[in-house]
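Structural overview for review
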Amino acid sequence: MMWLTLLVFAVMTAFFIKRHMRAVTPDAKPHPCPRCGAGVPQGAARCPKCNIPMQLYEVVSAKTVVDEPATAGRETGGAKAHAVVRADLCVGCGACVPACPEPGAIRMVGKLATVEKSLCKGHGKCVEACPVGGIVLATGASVHRVEVPLVDTDFESNVPGIYIVGELGGRGLIKNAINEAKVAVEHIATELEPSTRAARDAHAGRGDDVYDVVVVGSGPAGISAGLEALKRGLRYVVVEQGTLADTIRKYPRAKFLLAEPVTVPLYGDLWVSDASKEQLLQVWESIIAKTGLDVRTGHRVTNLVRLGGGLLKVETAERAFCARRVVLAMGRRGTPRRLGVAGEELGKVIYDVADMESFAGSRMLVVGGGDSAVESAIGLARQPDTTVLLSYRRDAFERVKERNRAKLDEAVKQGSLRVALKSEVREIRDGVVVLDVEGRQELVPNDIVVVRIGGEAPYAFLEKIGVRIVKKDIPLPQEAHAGA
């Protein structure tokens, strides 16, 4: 009888232990890899079968949300409002940290502001302090919010045949851009079977004018997409509105960093460790020279329309390209308006600022009179040992929000930045800028010129061709891990 009692006890103990383990780790079941379908253990950085990094799908798999109006410090829909950082807008200036009256509620993690929901009281002071409008008040989980085109796990948008990869898709990491492009073209190659590709020339008498894929943009994502298309025997072309790898030349960061190697199609491992734009550009140019990648520069895309027979037409000012599939790898900054002065082609000229910390200690000139120019100047002025001059051709900042005007006046009063009204850039040189100030020329010592005088936003182009733009909430790393 004793043995029966022990047996029952052992069975019941095992049952309760198993039940307890399920309660402690409710989500321990592996999830399918978006690329190959293999089971991926929760929290794993890569798929054990195809080795694709799971970070690649962080935005794609994130929840799509609708903004909820929230009032600071009040209960809204059963939950208290708290700060949410727009990760796609945060430039790492750190202005929000001292503005928050709750110690530790918002802090810098690397180059991104992060909110500790349990400490945040929803005062909204960080919202007011952010110079780029990168923080909002909302309810729900602690997240980073991004505004991105709607794409699936193959990076195909809601418009069939149009793929969106790289920075334009919401994440500016080089390794993600390269990998996203590779995955997109892999999918295109599986969809366009060899027999289908062989028959393309017979379609509607279009002959050699039909490409399997047209890639728009020659940054990391665009070059990766082109190389993958070349590798897989697709008929392709890469079109670029500016010069070769213009995206890199005008990149709004001073340095690039890859903490781990990333494999570039037809090239091999690329590892950029604290490299300058010029060093990465040399790598890009050597890759293109080695592979013979077909890149057409000076082709600015003006429209994208659907033709009969499942074809798409990419229109540029120079010519049109007919394609079965299109990969958009254009970058988030779109087509900025240029100054049109000598020296603007230098690598020191950029049209946006994505990481203010990397410009610390530099002599900065910001050009423009709108909110974007003023916000950039204020954020840069917060960086240590940085001198900032804001140049505007008119005699007053008439188009600037009152909040930004007050911040600008305070920064000028504190001496952290200078303003030159009724001034225009005449020439940009290494180490100096020629500035016309009320009819007299001045030589201004300078390391970087930030041009913020407007331009055509890429999202306006996307919406024009039917691509949906959505907001997504990405869980903070600790919450993502805890819920995994």
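Refer to the preceding data block for the structure.
Conventions adopted
Residues numbered from 1 in each chain as written. Predicted model: local features only at pLDDT ≥ 70, side-chain atom pairs only at ≥ 80, totals over all residues. Heavy atoms only, no water. Helix = DSSP H or I, 4+ residues; strand = E, 2+ residues; numbered from the N terminus. Buried < 20%, exposed > 50% of the residue type's maximum accessible area, 1.4 Å probe, protein only. Contact = heavy atoms within 4.5 Å. Areas by Shrake-Rupley, 256 points an atom, 1.4 Å probe, with all protein chains shown as cover. Pairing = 2+ DSSP bridges. Axes fitted to C-alpha atoms, helices over the stretch in contact; angles between N-to-C directions. Core = buried A, V, L, I, M, F, W, Y, C linked by side-chain atoms within 4.5 Å. Left-handed = near helix turned anticlockwise from the far one by under 90°. Nonpolar A, V, L, I, M, F, W, Y, C, P; charged D, E, K, R; others polar. Patch = residues over 30% accessible without salt bridge, like charges linked within 9 Å, V, L, I, M, F, W, Y side chains within 5 Å. Salt bridge = Lys/Arg side-chain N within 4 Å of Asp/Glu carboxyl O. Lys, Arg positive; Asp, Glu negative; His and termini not counted. Charge placed at Lys NZ, Arg CZ, Asp CG, Glu CD.

1. Some words on the overall build of the chain
Summing up its helical and strand segments, the chain has 12 helices and 32 strands in all. Split into buried and exposed, the 484 residues of the chain put 46% on the buried side. Here the contacts in the chain between residues at least 6 apart in sequence split such that 65% fall between residues at least 24 apart. Accessible surface computed for the chain: about 22,600 Å², of which carbon and sulfur atoms make up 53%.

2. Describing the sheet that holds strand β28 (residues 432–437)
Strand order in the open sheet made by the three strands is β27-β28-β29, with antiparallel pairing throughout. Both edges of this open sheet fall to β27 (423–429) and β29 (440–445), since each of them pairs with a single strand only. For this sheet the average axis-to-axis angle between neighbouring strands, irrespective of direction, equals 25°. Both β27 and β28 contribute to a ladder of six bridges, which runs antiparallel. Paired with Glu-424 across the bridge in β28 is Asp-436.

3. A closer look at the sheet that holds strand β26 (residues 418–421)
Taking strand neighbours across the sheet as the criterion, the five strands line up as β23-β30-β24-β25-β26 in an open arrangement whose pairing is parallel. Each edge of the open sheet is held by one strand with a lone partner, namely β23 (349–350) and β26. Where strand β25 (residues 387–392) and β26 come together, four bridges link them in parallel fashion. Each bridged residue has a counterpart across the sheet, and for Leu-390 the counterpart in β26 is Val-419.

4. Side note on helix α9 (residues 371–381)
Of all 11 residues that make up α9, 10 are buried, and the element is covered over most of its length. Along α9, the residues classified as buried are Asp-371, Ala-373, Val-374, Glu-375, Ser-376, Ala-377, Ile-378, Gly-379, Leu-380 and Ala-381.

5. Concerning the nonpolar core
Counting 64 residues, the largest nonpolar core has Phe-155, Val-214, Leu-304, Val-327, Leu-328 and Leu-462 as the members making the most contacts within it. If sequence neighbours within four positions are ignored, Leu-328 has contacts with Ile-162, Tyr-163, Ile-164, Val-165, Leu-168, Val-216, Leu-304, Phe-461, Leu-462 and Ile-465. Ranked by size, the runner-up nonpolar core spans 25 residues in total, among them Val-366, Ala-373, Tyr-392 and Leu-417.

6. Observations concerning the packing of helix α4 (residues 174–191) against helix α6 (residues 220–231)
Relative orientation of the contacting elements α4 and α6 amounts to 35°, with a least axis distance of 8 Å. For the element pair α4 and α6, the recorded crossing hand is right-handed. Of the residues in α6, those touching α4 at Ile-174, Ala-177, Ile-178, Ala-181, Lys-182, Val-185 and Glu-186 are Pro-220, Ala-221, Ser-224, Ala-225, Glu-228 and Ala-229. When its residues are assigned to classes, the contact of α4 with α6 shows nine nonpolar, one polar and three charged.

7. A look at a positive patch on the surface
Together, Arg-337, Arg-393, Arg-394 and Arg-399 give the surface a local cluster of positive charge. Mapping Arg-399 onto the fold places it in the loop between β25 and α10 (402–414). Look at Arg-399 and you get exposed, because its relative accessible area is 55%.

8. Regarding the packing of α9 against α10
One way to put it is that α9 packs onto α10 with a least axis distance of 10 Å and a crossing angle of 35°. Between α9 and α10 lies a crossing of left-handed hand. Packed against α9, whose contacting residues are Asp-371, Val-374, Glu-375 and Ile-378, the element α10 presents Asn-404, Lys-407 and Leu-408 at the interface. The class makeup of the residues in the contact of α9 with α10 is three nonpolar, one polar and three charged.

Geometry only, nothing functional implied.
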